[in-house]
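Structural features, examined
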Amino acid sequence: VRHIHVQNVTCEKSQHALYLRGYAHAPITDIHLTDCRFENMAEANVIEHVEDLVLENVFINGEQAS
């Protein structure tokens, strides 16, 4: 998976804001989220074997994601 751009997404309740699990030999690359807000996430993000993840103006449970 690569070259994904997500913009202007709002989620009011979910298990995770981001659940990205690539493989060591085939990482997920070039993921870009812009102007997204995720509230009431039950658990922390899962991000494994991901390269070039960009979060611009993304908020998770009221805090800006980095």
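Below you will find a few notes about this structure. Throughout, residues of each chain are indexed from 1 in the direction in which the sequence is written. Residues qualify for local features only when their pLDDT is at least 70, as the model is predicted, and side-chain atom pairs are given and counted only at 80 or more; totals for whole chains, interfaces and linings, by contrast, use all residues. Heavy atoms throughout the structure, all of them, feed into the side-chain values; hydrogens and water do not.

Description of the packing of aromatic side chains
- Any pair of Phe, Tyr and Trp rings, taking the six-membered ring for Trp, is counted once the centres come within 6.5 Å. Such a pair is stacked with planes under 30 degrees apart, edge-to-face with planes over 60 apart, and tilted for the rest. Inspection of the entire model under this criterion finds 0 aromatic pairs.
- Either the NZ atom of lysine or the CZ atom of arginine qualifies as a charge over a ring when it sits within 6 Å of the ring centre and within 35 degrees of the ring normal. A cation over an aromatic ring shows up here: Arg-37 above the ring of Phe-59, its NZ or CZ 4.7 Å from the ring centre.

Some words on the pairing of strand β4 (residues 28–38)
- Taken together, the 5 bridges between strand β1 (residues 2–7) and β4 define a ladder with parallel strand orientation. From the neighbouring strand, Val-6 faces β4, where its bridge partner is Leu-33.
- Only when DSSP finds a minimum of two bridges between them are two strands counted as paired. Only runs of H or I of at least four residues qualify as helices and only runs of E of at least two qualify as strands under DSSP, and these elements are numbered from the N terminus. Note that strand β2 (residues 10–11) and β4 share 2 bridges and pair parallel. Bridge pairing in β4 links Thr-10 to Arg-37.
- In this sheet, strand β6 (residues 50–60) lies alongside β4 in parallel orientation, the contact comprising 9 bridges. By the bridge assignment for β6, Arg-37 is matched with Phe-59.

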